[in-house]
Amino acid sequence: MLGTFSRSDWLLLVIFSAVVLTLPWTLEPIGAAYPDLLQKFAIYGIFAVGFNILFGLTGYLSFGHAAFLGVGSYAAVWSFKLLTMNVLPALALSIAIAGVFALLIGYISLRRAGIYFSILTLAFAQMSYNLAYSVLTPITNGETGLQVRAIRKSAEVSLRDGDVRIIDQALGIPEVGVPITNLFGMKMSGYPGFYFCAVLLIVCFFIAMCISRSNFGMMLKAIKSNQNRLNYTGIHTRPYLIAAFVISGMYAGLAGSLLSITDPIAGAERMQWTASGEVVLMTILGGAGTLVGPVLGAGLIKYAEQKVSSWNEGILHGAFSFLPEPVQDFVVEFFSFFVGEGWHLTLGLMFMIIVIFLPGGVMEGFRRLRRAFANGASPPPRPVATTTPIAERD
Amino acid sequence: MSVAETIRDDVAGERGFQSDIPDRVLHIDDVHKSFAGLHALSNVDLDVRQGETHAIIGPNGAGKSTLLNVCVGRIEPDRGAVVFDGDALTGKSPHEINQLGVARVFQTPEVFLDLSVLENVMVPALSRRDGHFKLNPFTAFSGETEIRDEAEAVIADVGLKNRIHMTASSLSRGDKRRLELAMGLIQHPKLLLLDEPTAGMARHDTNATIDLLRKIKERGMTKVIIEHDMHVVFSLADRISVLAGGRIIAQGSPEEIKNNPKVKEAYLGEEQV
Ligand SMILES: Nc1ncnc2c1ncn2[C@@H]1O[C@H](COP(=O)(O)OP(=O)(O)OP(=O)(O)O)[C@@H](O)[C@H]1O
Ligand SMILES: [Mg+2]
């Protein structure tokens, strides 16, 4: 595989890695260079890259991927409680359990295509969400959320909480208070946490790149283009779809795991349909089917969320202070609908604008810009100018 | 008794010796299919012999495409069976039928519109080579040099060499048809089913397609070809079946069909032979 990566592929990978690893400096000017947000960029980047393997390549729109994110989160916290605060077993466990879960849901949902598939996945995710709040409370700790606690003096209480950390205890790792997640002693919050996520994002990006350049990826693209035809070509498409679904579910599980690693508390709200919708938005906003697009979309949405939801009327008054008083009041009143709590309104508008004017997402915007620059002021040539309809030949 | 029925009786009389042809590869046995009361196919029997080019002709709406649909698993017949090389095709799914060695060239081109011409041809080649599901996320598509070389050759054969990197959606209708043909040819099927491969082509391109199909014939590929263009039919066919109103009304060599007055009446009368 590596031998057949073209030079531009390598270049893309190197540039991508460089950009991701230098984010703490390059995002300084826009006020986004703090670990919490940087971690979110990387984590949701992974989520979106994985989602794109399913949606971007095969065209199957899942509305339930947050379920795998949630499953990954819970699995990681359980690994912290039962096994060790080391993050590696948590990662492995999350990916594996999310994978099994995705196989189950994918196997059933992929009996249908199009809108029916989307609705099936949505239904499964909502079911998981509700189960997490009700029957599964012993596993999820319901509304409070699942979190790591200190090991108590009384073994009985610890067992009831589930905080036993067999591996850490066996290795004799001392614990003072509530322990923190670590990679062989290195704490996984703050900047180290970001770099851990960033490296995983790069690995995930690389794998996604391999998939999209592979025979398997080509089959997925053919499914998106004309699944029916592929059947007549001798390909049984369902196993390919299930594989793509499971892989993207595992990506989501990994992202969920990282959410718990950087902040070891898992709640059911991560499984809610809004979370599933968010990853759809990220992918489409950035550019479905492209490699970089989903990561970009994830970054944009997380950044906008952080900023817009923190704005309030005071900040708006500051921004519009150049206007005369009555006008200013009106404008601030109007825009206050879109900030703070109303940030989802902004998100919805952003999404509508993209879908209507730039269905290919931000990446499509870049392509258009590049074409515009390449052609200078002249209008772009008709793309199919080289073919003449057969009837017009001779 | 109608004309069609008289002819049908003749055909039925012939069936006695036809059904024990030792080298037949495709055997269509008493197939019926109706769509909401419309009998698209009734009592259709057809044998295709190893290596022959068997043409199916008939007026619009005669049921020709429906017959092929039954063969490739797109449509389940109401009654009857299709047997290919000892395997019953009825009840099998399209990919299984293809894996047995039956490829289809569609009447309305069904290509992968978002993929390039080269990719369109490489995909069926990969599926022929790999057969069942293969999870190979680390096998680079661009590393399939052998398959690419072969695809390039086939693309050149059908005359799309200078469009090889174009997206299929930007091809003209005639070029899409050639692409269809290339996608069928690259699979080296035992049986190739062609549904009006030259419709809409200019005479010059039609002749090129005829030459190409002759060349394949020399390699021993069995073909069933549906055509309206009598020039194509009489240039290629070893035997001809005439379908009208969902029934086979005549079957025989091109000479026999040409001289069959009832066929002329039922079908050829409309055309300039
Ligand atoms: N899926 C379908 N549903 C309903 N009716 C159908 C369907 N497919 C075909 N038919 C009808 O069956 C009859 C035979 O159609 P078919 O496409 O097989 O004809 P054909 O011989 O291929 O004609 P042409 O030369 O125009 O391609 C037509 O009357 C058509 O309208
Ligand atoms: Mg037809």
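For the structure, check the block above.
Residues numbered from 1 in each chain as written. Chains lettered and ligands numbered in written order. Predicted model: local features only at pLDDT ≥ 70, side-chain atom pairs only at ≥ 80, totals over all residues. Heavy atoms only, no water.

Let's shift gears to the sheet that holds strand β1 (residues 24–35) of chain B. All names here are of chain B. In space, the 4 strands of this open sheet follow the order β2-β1-β4-β5, with antiparallel pairing throughout. Each of the sheet's edge strands pairs with one partner strand only, and the pair in question is β2 (38–49) and β5 (87–88). Taken together, the 8 bridges between β1 and β2 define a ladder with antiparallel strand orientation. Of the residues in β2, the one forming a bridge with histidine 27 is aspartate 47. (Pairing = 2+ DSSP bridges. Helix = DSSP H or I, 4+ residues; strand = E, 2+ residues; numbered from the N terminus.)

The next point concerns the packing of aromatic side chains. Within the structure shown, the criterion is met by 16 aromatic pairs over all chains. Note on phenylalanine 16 of chain A and phenylalanine 205 of chain A: the rings are 3.8 Å apart at their centroids and 10° apart in plane angle, and the pair reads as stacked. Taken as a pair, phenylalanine 16 of chain A in helix α1 (residues 7–21) and phenylalanine 205 of chain A in helix α10 (residues 190–213) lie far apart in primary sequence, 189 residues in all. Note on accessibility: phenylalanine 16 of chain A and phenylalanine 205 of chain A belong to one class, buried. A network of ring pairs unites the aromatic residues Tyr60, Phe68, Phe101, Phe117 and Phe245 of chain A as a single cluster. One cation-aromatic arrangement involves lysine 258 of chain B over phenylalanine 234 of chain B; the distance from NZ or CZ to the ring centre is 4.7 Å. (Phe/Tyr/Trp six-rings, centres within 6.5 Å; stacked < 30°, edge-to-face > 60°. Buried < 20%, exposed > 50% of the residue type's maximum accessible area, 1.4 Å probe, protein only. Lys NZ or Arg CZ within 6 Å of the ring centre and 35° of its normal.)

What follows covers the packing of helix α5 (residues 87–109) of chain A against helix α6 (residues 114–133) of chain A. All names here are of chain A. Two numbers describe how α5 lies on α6: the axes approach to 9 Å, and their chain directions differ by 140°. One element, α5, and the other, α6, form an angle in the oblique class. Along this stretch, α5 crosses α6, giving a crossing that reads as right-handed. Every residue of α6 that contacts α5 at Phe101, Ile105, Ile108 and Ser109 is listed here: Phe117, Leu120, Thr121, Phe124 and Ser128. Among the residues forming the contact of α5 with α6, the class breakdown is 6 nonpolar, 3 polar and no charged. (Axes fitted to C-alpha atoms, helices over the stretch in contact; angles between N-to-C directions. Parallel < 35°, antiparallel > 145°, perpendicular 65-115°, else oblique. Left-handed = near helix turned anticlockwise from the far one by under 90°. Contact = heavy atoms within 4.5 Å. Nonpolar A, V, L, I, M, F, W, Y, C, P; charged D, E, K, R; others polar.)

Before going further, it helps to spend a moment on the site of ligand 1. Residues and elements named next belong to chain B. Around ligand 1 lies a shell of 13 residues, among which Asn60, Lys64, Ser65, Thr66 and Gln107 are the nearest. Asparagine 60 is positioned with one of its side-chain polar atoms (N or O) 2.8 Å from an oxygen atom of ligand 1. Between histidine 228 and ligand 1, the recorded distance is 2.9 Å, taken from a side-chain N or O atom to an oxygen atom. Taking 630 Å² as the accessible area of ligand 1 by itself, protein coverage stands at 62%. At 3 residues, the largest contribution of residues to the shell around ligand 1 is made by helix α2 (residues 64–71). Within the shell around ligand 1, the residues separate by chemical class into 4 nonpolar, 7 polar and 2 charged. (Near = heavy atom within 4 Å. Polar contact = N/O pair within 3.5 Å; in protein donor to acceptor, adjacent residues only side chain to side chain. Areas by Shrake-Rupley, 256 points an atom, 1.4 Å probe, with all protein chains shown as cover.)

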